[in-house]
Amino acid sequence: MVDLLKEGKAADRSNGHRRARKGYAAALVLPLLLSSCRLLPAGEAQVDSARQREQSGPVAVETARVEMGTLDAGLSYTGTTVPAQQVTLRSQLSGEITALTVEVGDSVAQGILLAQLDGDPQTASVNQAAAELSARRAELTQADVSVTDAQAALIQAQATFEQAQVDAARLRRLANRGGISAQEAEAAELLAANAQQAVRSAQAQLAARQEAAQAVANRVEAQQAIVTQAQTQLSYTDLRSPLTGTVLSRPTEVGNYIESGDTILEIGDLSTLKATVQVSELNLAQLSLGQPAQVTLDAFPDLGETSGRITQIAPVADPVSRLVPVEVTLPNPNGRVGSGLLARVQFGAGTGTQMLVPASALTVGDAMTEDEDAMTEDATAEDATANETSTEQTIYVVEGEGEQVVARPRSVRVGDREGSRVEIVSGLAANEVVIVQSERPLSPGQAVRLSILSE
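If you're wondering where the values come from, they're calculated on a predicted model, not measured in any experiment.

**Focus on unusual backbone geometry**
Here's step 1: Backbone geometry at R322 places phi at a positive 65 degrees, although glycine is not the residue there.
Here's step 2: Tracing the backbone shows R322 in the loop between β12 (306-313) and β13 (323-331).
Here's step 3: A positive phi angle, close to 75 degrees, is found at N431, a residue other than glycine.
Here's step 4: Residue placement: N431 occurs in the loop between β18 (421-426) and β19 (433-438).
Here's step 5: Of the residues examined, N431 reaches a relative accessible area of 52% and is grouped as exposed.

Below you can see the structure in the form of structure tokens.
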């Protein structure tokens, strides 16, 4: 019993000590709690609240779109698109424009009427030349009749001469036999000589009339040429399209008086385009006719790369710059691409089937510290130098639209690297949007807002 009492007193003393220690601890903690719970100044509270809202809101990011291309830069140049076939429709007459049937951008077919000039002077010239031609033709008809008469006279003279020859020969035989006098035979021979002279005269007259008729015929032919020329001049008052294409420019208007040689319209066939680039003589050996080229247009980024071919390499270089004009032809079947646009031409750039993203997309991740940032940059530089391939990395892609845009991590396999671009072997699809820069580390499902530099 005594032992039990002793144990109870010991327990009471132990509990008392514990209660005393708790009271002492409470006394120490209470002032600390009171000091920590004092009110912050109003300005500091607002800044702290704004910082919390900023950290809890969407993260500002810059994005880029996955593009199909190649790390092999090849030879790159810039040129300007022009139609493969382009003509300038100029007036061949001086006169007033009475009609223009097309506007810039209109499609035209070959042979269609595009413009008209005042044709009254040309019409008067045609009528005058035609009247003169009729008079010449009447003269030619009279000359032909005169030639016919001369031919008939010559035939008659030849018949008379032949008869006179027969009579003279017969009478000479009779005179030789004493049947008639010598005077009668001589008279018959004189008639035959006169008939022969008449034949010669008829021949000369026929030749003269034939020559006169030929002169009239020549005048008729010359007048016919004048009529044709006048008709041609009249046809110049109707301006028709020399090819099927698109109206590129219209520098004049109806009612304007133009001189011969002035431009009225420019027309180009936009179904095929060409771009001429200036290539250094040092790179000329790498190019050849028919070689493929990849063309991109800043005005139409959605078209991507368009395949073209080298259709002409100038045989003469500029003697000062040593640059050689190289012409690249590319298709434009729907005529969407116009003339005068900037064309970026790349030769020997491969097939363009690699998926490429900016290398900075590999440095965006969740809980990335400054040390890890430095390590990633070192690793990126080392990989670019060693050209390592097929390494696993995490890239953040953008999903959603409007205010529901979030960042999602994506495991990808990285291939070759060169400069600021890296090849993605697998894990992404073309035209997906990846995050290349973030104002703070990202986490899966993090709400983001796109910067104005985002694609």
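**Here we look at the environment of Y236**
Here's step 1: Take Y236: it is sitting in the loop between α4 (182-235) and β7 (238-240).
Here's step 2: Along the sequence, Y236 and Q116 sit 120 residues apart, while their C-alpha atoms lie 8.5 Å from each other.
Here's step 3: The contact partners of Y236, leaving out residues within four places of it in the chain, are Q92, L93 and L117.

**Observations concerning the packing of aromatic side chains**
Here's step 1: The full count for this structure, using the stated rule, is one aromatic pair.
Here's step 2: For the ring pair Y77 and F347, a centre distance of 6.1 Å and an interplane angle of 55 degrees mean the geometry is tilted. A residue pair is termed long-range when its members are at least 10 positions apart, and Y77 in strand β3 (residues 75-90) and F347 in strand β14 (residues 342-347) qualify at 270 residues.
Here's step 3: Under the relative-accessibility criterion, Y77 is labelled buried at 15%.
Here's step 4: In this structure F347 comes out as buried when scored by relative accessible area, which is 1%.

**A closer look at the confidence of the model for the protein**
Here's step 1: Averaged over all residues, the pLDDT of the protein is 82; the fraction at 70 or higher stands at 80%.
Here's step 2: Taken together, the stretch residues 1-50 has pLDDT below 50 and engages in zero contacts with residues farther than four places along the chain or on a different chain.

**Observations concerning the pattern of salt bridges**
Here's step 1: Enumeration according to the criterion identifies 15 salt bridges in this entry.
Here's step 2: Of the charged contacts in the structure, one is a salt bridge between E139 and R136, with a shortest N-O distance of 3.7 Å. Separated by three residues within a single helix, E139 and R136 lie in helix α3 (residues 120-176), roughly one turn from each other.
Here's step 3: When its relative accessible area of 31% is taken as the criterion, E139 is described as partly exposed.
Here's step 4: In this structure, the salt-bridge partner of R172 is E189, at a minimum N-O distance of 2.8 Å. Taken together, the residues R172 in helix α3 and E189 in helix α4 connect sequence positions 17 residues apart.

**Concerning the packing of α3 against α4**
Helix-helix packing is described using two parameters, namely the angle between the two axes and the distance between the axes.
Here's step 1: Viewed as axis vectors pointing N to C, α3 and α4 meet at an angle of 165 degrees, and their least axial separation amounts to 6 Å. Between α3 and α4, the interaxial angle falls into the category roughly antiparallel. Our pair here, α3 against α4, has a crossing hand that is left-handed.
Here's step 2: Its residues placed into classes, the contact of α3 with α4 shows 34 nonpolar, 16 polar and 13 charged.

**Here we look at the nonpolar core**
Here's step 1: By size, the foremost hydrophobic cluster in this structure holds 24 residues, and its most contacted members are L154, L171, V199 and L206.
Here's step 2: Breaking this core down by element, the ones donating at least two residues are α3 and α4.
Here's step 3: In contact with L171, other than residues within four places in its own chain, are I180, E184, A185 and A188.
Here's step 4: Counting residues in hydrophobic clusters, the runner-up holds 20 residues, among them I310, L330, A343 and V345.

**Re the sheet that holds β7**
Here's step 1: An order of β7-β6-β4-β9 is seen for the four strands of this open sheet, with the pairing classed as antiparallel. Pairing within the sheet leaves two strands with one partner each, and these edge strands are β7 and β9 (257-258).
Here's step 2: In this structure, strand β4 (residues 95-100) lies alongside β9, joined through two bridges in antiparallel fashion. Within β9, the position partnered with E96 by the bridge is Y257.

The rules behind the values
Residues numbered from 1 in each chain as written. Predicted model: local features only at pLDDT ≥ 70, side-chain atom pairs only at ≥ 80, totals over all residues. Heavy atoms only, no water. Helix = DSSP H or I, 4+ residues; strand = E, 2+ residues; numbered from the N terminus. Buried < 20%, exposed > 50% of the residue type's maximum accessible area, 1.4 Å probe, protein only. Contact = heavy atoms within 4.5 Å. Phe/Tyr/Trp six-rings, centres within 6.5 Å; stacked < 30°, edge-to-face > 60°. pLDDT = per-residue confidence, 0-100. Salt bridge = Lys/Arg side-chain N within 4 Å of Asp/Glu carboxyl O. Axes fitted to C-alpha atoms, helices over the stretch in contact; angles between N-to-C directions. Parallel < 35°, antiparallel > 145°, perpendicular 65-115°, else oblique. Left-handed = near helix turned anticlockwise from the far one by under 90°. Nonpolar A, V, L, I, M, F, W, Y, C, P; charged D, E, K, R; others polar. Core = buried A, V, L, I, M, F, W, Y, C linked by side-chain atoms within 4.5 Å. Pairing = 2+ DSSP bridges.

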